[in-house]
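Single-letter residue listing:
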Amino acid sequence: MNFKITTIPGDGIGPDIVREGCRVLESIGKKFGHSFAFTEAKAGGCAIDATGEPLPKATLDACLAADAVLLGAVGGPKWDTLPGNLRPERALLGLRAGMKTFANLRPALMFPQLAAACPLKPEIVAQGLDILIVRELTGGIYFGDRGRSADGNSAWDTETYSRQEIERVVKIGFESAQKRQKRLCVVDKANILESSRLWREVSEAMKASYPDVALSYMYVDNAAMQLVRNPAQFDVIVTSNMFGDILSDEASQITGSIGMLASASLGESGPGLYEPIHGSAPDIAGKDLANPLATILTCAMMLRFSLGLSAEADAVEKAVSSVLDGGWRTGDIAGGAQDRAALGDKLVGTRKMGDLVVGALEAL
Ligand code: IPM
Ligand code: MG
């Protein structure tokens with residue numbers, strides 16, 4: 001099969017890691033008889049520099065014309081002083097809205113080979129850590145009415161959700177749970193927010209269609225606490241845009257391997273948007289230091305969710321796992337100074353890590 005992939009390397013380490021993701025896709029193509037045609041587009045700070053806007057129309061068009069989109073990272077100190085609507089991050093919101101990718105899947109997974117990096121006590125993660133956060137991505141307070149009073153002394157941002165917006169993302173939550181441990185937790189603030197009460201009403205009405213899934217509800221403040229107290233209680237969490245933003249950062253951090261985590265943003269139909277969850281790390285950009293594994297695992301999600309290639313996705317994940325088994329590490333997953341010293345030539349850079357995954361794929 002032939003696939004059209006639009007890549008948006010973006011800023012900072014984005015180009016370093018997207019390059020490795022593409023190499024892995026090419027290697028998958030060779031092994032399984034597919035071809036990937038890559039089109040590169042600009043978004044974020046580099047697009048501001050080139051065109052004056054964070055998300056040029058040509059970029060969104062190139063994304064909509066693709067089978068899937070691979071994004072590295074956007075942003076950096078260079079653009080931090082720009083006004084809100086001109087910042088690189090606007091490109092993300094524009095892509096999410098423009099591609100109608102309302103469901104953001106953020107797995108928080110602890111790789112057993114990296115368990116020592118998990119900041120929680122070993123007994124808390126004795127059963128491992130594998131949570132899927134499904135974050136609503138195109139609604140809520142991120143997209144609601146906002147403004148300032150005429151005198152500038154008050155400001156507002158509005159959380160609005162329609163039944164339809166809630167239903168379509170909760171459905172992804174239920175379906176994801178069906179493929180996993182069959183537990184879905186709706187996280188909200190229904191003791192205060194009317195929009196949260198609508199989330200509960202809609203979820204409650206849907207549960208009869210998923211009799212195999214155990215549905216529960218939790219207030220977001222409690223969920224933030226439970227994630228560090230007893231993360232194993234969670235299988236799939238579905239939540240609003242803002243709560244999902246916060247909880248997914250927390251969940252990723254407790255895995256201890258933020259440089260390893262992938263994400264997928266999906267709509268009803270049309271291309272998905274795939275990006276590692278980490279940021280643009282401008283301090284190490286272009287230095288061959290970034291960990292490309294999150295991007296490579298993001299490519300696995302792309303193969304699985306947008307391209308219908310699950311055996312190929314499994315192969316990428318197996319290859320990554322075998323490279324970790326071999327003891328190879330980039331700096332971010334190398335542990336403390338002593339561990340690093342002990343790694344010797346197994347402490348590798350971006351390109352070498354990409355080479356190792358490609359090599360492991362070929363050897364599978
Ligand atoms: C994320 C980021 C973005 C968000 C920012 C950069 C706009 O934090 O993808 O989680 O808040 O959605
Ligand atoms: Mg975030």
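Residues numbered from 1 in each chain as written. Chains lettered and ligands numbered in written order. Predicted model: local features only at pLDDT ≥ 70, side-chain atom pairs only at ≥ 80, totals over all residues. Heavy atoms only, no water.

1. A closer look at the packing of aromatic side chains
Basically, it comes down to this: For Phe, Tyr and Trp, rings pair up if their centres lie within 6.5 Å, where Trp contributes its six-membered ring, and each pair is then called stacked (planes under 30 degrees apart), edge-to-face (over 60) or tilted (otherwise). Only runs of H or I of at least four residues qualify as helices and only runs of E of at least two qualify as strands under DSSP, and these elements are numbered from the N terminus. Residue burial is assigned from relative accessible area. The probe radius is 1.4 Å, only protein chains are included, and a residue is buried under 20% of its type maximum, exposed over 50%, and partly exposed in between.
Enumeration according to the criterion identifies four aromatic pairs in this entry. With 6.4 Å between their ring centres and 20° between their planes, Phe36 and Phe38 make a pair best called stacked. Seen in terms of ring centroids, Phe174 and Tyr210 are 4.3 Å apart; in terms of plane orientation they differ by 5°. Their pairing is stacked. Of this pair, Phe174 sits in helix H5 (residues 163–178) while Tyr210 sits in the loop between helix H6 (194–206) and strand E9 (214–219), placing them 36 residues apart in sequence. Summarising the burial analysis for this pair, Phe174 and Tyr210 share the class buried.

2. Some remarks on the site of ligand 1
Using the following cut-off: A single heavy atom is enough: if one lies within 4 Å of a molecule or strand, its residue is considered near that molecule or strand. Two N or O atoms count as a polar contact when they lie within 3.5 Å, although within protein this holds only if one can serve as hydrogen donor and the other as acceptor, and sequence-adjacent residues are included solely when both atoms are side-chain atoms. Any residue outside Ala, Val, Leu, Ile, Met, Phe, Trp, Tyr, Cys, Pro, Asp, Glu, Lys and Arg is labelled polar, Gly included; the first ten of those are nonpolar and the last four are charged. The split of the chain into domains comes from an automatic or database domain assignment.
Taken together, the neighbourhood of ligand 1 is formed by Glu89, Leu92, Arg96, Arg106, Arg135, Tyr142 and Asp245. Measuring from an oxygen atom of ligand 1, one finds a side-chain N or O atom of Asp245 at 2.9 Å. Per-element tally for the shell around ligand 1: the top contributor is helix H4 (residues 89–98), with three residues. When its residues are assigned to classes, the shell around ligand 1 shows two nonpolar, no polar and five charged. Shared between two domains, the shell around ligand 1 holds at least three residues of each, these being domain 1 (1–101 + 268–364) and domain 2 (119–254).

3. Focus on the nonpolar core
Rules: Nonpolar cores are built from buried Ala, Val, Leu, Ile, Met, Phe, Trp, Tyr and Cys residues. Side-chain atoms within 4.5 Å join them into one set.
In terms of nonpolar packing, the biggest core is built from 67 residues, with Leu105, Val170, Leu184, Met260, Leu293, Leu303 and Leu307 touching the most fellow members. Ranked by residues supplied to this core, first place goes to helix H9 (residues 293–305) with eight residues. Judged by nonpolar contacts, the second largest core, of 20 residues, contains Leu120, Val125, Val187 and Ala223.

4. Brief notes about the domain arrangement of the protein
To keep it simple, the criterion reads: Any two residues whose heavy atoms approach within 4.5 Å are treated as being in contact. The buried area of a pairing is the accessible area, by a 1.4 Å probe, that goes missing from both parts when the two are put together, added over both. Throughout this description, the term salt bridge denotes a Lys or Arg side-chain nitrogen within 4 Å of a carboxyl oxygen of Asp or Glu.
Here the protein is described as being made up of domain 1 (1–101 + 268–364) and domain 2 (119–254). Computed over C-alpha atoms, the centres of domain 1 and domain 2 are 26 Å apart. With seven residues of domain 1 in contact, the opposing surface of domain 2 contributes seven residues. Between domain 1 and domain 2, a total of about 620 Å² is buried, with carbon and sulfur atoms accounting for 68% of that surface. Of all residues in domain 1, the largest losses of buried area upon contact with domain 2 belong to Leu93, Arg96 and Thr101, amounting jointly to 59% of the total for that side. In this assembly, domain 1 and domain 2 are joined by zero salt bridges. The tally of links between domain 1 and domain 2 comes to zero residue pairs in polar contact (both at pLDDT 80 or more). Looking at the side of domain 1 that touches domain 2, its residues break down into three nonpolar, one polar and three charged.

5. Side note on helix H3 (residues 57–64)
One full turn of an α-helix is made of 3.6 residues, so residues set three or four places apart face in the same direction. Rules: Throughout, the arc means that of the directions going from the helix axis to the C-beta atoms.
Taken as a whole, H3 has its buried residues at Thr59, Leu60, Ala62 and Cys63. When H3 is viewed along its axis, its buried side chains cluster within an angular range of 160° and face the same direction. Exposed side chains of H3 directed beyond 90 degrees from the buried face belong to Lys57 and Ala58. In the core, the buried residues of H3 are packed alongside strand E1 (2–10), strand E3 (68–73) and H4.

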